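Take a look at the letters that make up each chain.
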Amino acid sequence: MLGKKRILTGDRPTGRLHLGHYVGSLRNRVRLQEEYDCCFIIADLHMLTTKNSREEIDQTADNARGMVLDYLAAGIDPNKSTIFLQSAVHETYELALLFGNLITVPRLVRVPSIKDMARAAMIDVEAIPFGLLGYPVLQAADILLPRAHLVPVGKDNQPHVEVTREIARR
């Protein structure tokens, strides 16, 4: 793997994957593992920012296991790629806490996707919890801890990657 650029991407274990996941990203991930050092995160901490009822939390372990099985069934090869559970990497918590001191609350409030995520989760935008507001900070820890070179994300997460760049510069 030495010399290959590293990619970090993943999913929140909010339920079972479906054909849309395969067409939208899994198929591409299988291809990418041939030319990149791929890290696939099961982002259970991120899930808690919008899916935190007792029932949803109780389903997390089963959803995460199912997601790994779906990754393997789609062709993700654990001999070529790393699949990991976000909450199992304790350095993620530590780094996110430190990074939280490098960015201001007003900057996080200006991240447009945070309000969009709140609305999608039916959370009043005037009552956004700290965890959701800090989502980009946690994502910065996810990205910078494994020193990812590339982070394929949708348009909704592009502002989070910019926050990561700002934190990295600091």
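Bear in mind the structure is a predicted one, so any value in this text is a computation, not a measurement.

S.K.: Teacher, can you tell me more about the overall build of the protein here?
M.R.: For the protein, the count of helices and strands is nine helices and three strands. In sequence order, the protein lays out its α and β elements as β-α-β-α-α-β-α-α-α-α-α-α. On the principal axes, the C-alpha backbone points of the protein span a range of 45 × 40 × 30 Å. Expressed as a percentage of its 170 residues, the buried residues of the protein come to 41%. Considering only intrachain contacts with a sequence separation of at least 6, the fraction spanning at least 24 residues in the protein is 80%. When the accessible surface of the protein is summed, it comes to about 9700 Å², and 56% of that surface belongs to carbon and sulfur atoms. Within the protein, one finds 21 positive and 20 negative side-chain charges whose respective centroids are separated by 6 Å.

S.K.: Even after reading the chapter, I still don't get helix 1 (residues 19–32), so can you show me in this structure?
M.R.: Residues spaced three or four apart along an α-helix point in a common direction, a consequence of the helix completing one turn every 3.6 residues. Here helix 1 spans 19 Å end to end across 14 residues, near enough to the 20 Å set by a 1.5 Å rise per residue. Of the residues making up helix 1, those classed as buried are Ser25, Leu26, Arg29 and Leu32. Against strand 1 (6–11), strand 2 (37–42) and helix 3 (54–74) lie the buried residues of helix 1.

S.K.: Would you take a moment to explain the confidence of the model for the protein for this structure?
M.R.: Low pLDDT marks regions whose predicted coordinates should not be analysed in detail. Averaged over all residues, the pLDDT of the protein is 94; the fraction at 70 or higher stands at 99%. Ranking the helices and strands of the protein by mean pLDDT puts strand 3 (residues 81–85) first, with 98, and helix 1 last, with 90.

S.K.: Where do I start with the pairing of strand 2 in this structure?
M.R.: A regular strand carries its side chains on alternate faces of the sheet. Extensive coverage of strand 2 is indicated by the burial of six of its six residues. The alternating pattern of strand 2 places Asp37, Cys39 and Ile41 on one face and Cys38, Phe40 and Ile42 on the opposite face, and all of these are buried. Pairing between strand 2 and strand 3: five bridges, direction parallel. Its bridge partner being in strand 3, Cys39 is matched across the sheet by Thr82.

S.K.: I keep staring at the sheet that holds strand 1 and nothing clicks. Help me out?
M.R.: Within a sheet, neighbouring strands are paired by backbone hydrogen bonds and run either parallel or antiparallel to one another. Across the sheet, three strands lie side by side as 1-2-3; this open sheet has parallel pairing. Here the strands that pair on one side only, and so sit at the sheet edges, are strand 1 and strand 3. Adjacent strand axes in the sheet meet at a mean angle of 20°, parallel and antiparallel pairs treated alike.

S.K.: I'm lost on helix 4 (residues 90–99) in this one. Help?
M.R.: Those residues of helix 4 that fall on the buried side of the exposure criterion are Thr92, Leu95, Ala96 and Phe99. The buried residues of helix 4 occupy an angular sector of 100° when projected down its axis, which confines them to one face. Across from the buried face of helix 4, at angles greater than 90 degrees, the exposed residues are Leu97 and Leu98. The inward-facing, buried residues of helix 4 abut helix 8 (135–144) and helix 9 (158–169).

S.K.: Help me understand the pattern of salt bridges in this model?
M.R.: Side chains carrying opposite charge are able to pair once their charged atoms draw close together. Evaluated as defined, the whole model comprises eleven salt bridges. For the salt bridge of Glu35 with Arg31, the shortest nitrogen-to-oxygen distance reads 3.6 Å. Classification of Arg31 as partly exposed rests on a relative accessible area of 46%. Put simply, Glu34 and Lys80 hold a salt bridge, and the shortest N to O gap is 2.7 Å. Taken as a pair, Glu34 in the loop between helix 1 and strand 2 and Lys80 in the loop between helix 3 and strand 3 lie far apart in primary sequence, 46 residues in all. Judged by relative accessible area, which is 45%, Glu34 ranks as partly exposed.

Rules behind the numbers
Residues numbered from 1 in each chain as written. Predicted model: local features only at pLDDT ≥ 70, side-chain atom pairs only at ≥ 80, totals over all residues. Heavy atoms only, no water. Helix = DSSP H or I, 4+ residues; strand = E, 2+ residues; numbered from the N terminus. Buried < 20%, exposed > 50% of the residue type's maximum accessible area, 1.4 Å probe, protein only. Contact = heavy atoms within 4.5 Å. Areas by Shrake-Rupley, 256 points an atom, 1.4 Å probe, with all protein chains shown as cover. Lys, Arg positive; Asp, Glu negative; His and termini not counted. Charge placed at Lys NZ, Arg CZ, Asp CG, Glu CD. Expected span 1.5 Å × (residues − 1). pLDDT = per-residue confidence, 0-100. Pairing = 2+ DSSP bridges. Axes fitted to C-alpha atoms, helices over the stretch in contact; angles between N-to-C directions. Arc of directions from axis to C-beta. Salt bridge = Lys/Arg side-chain N within 4 Å of Asp/Glu carboxyl O.

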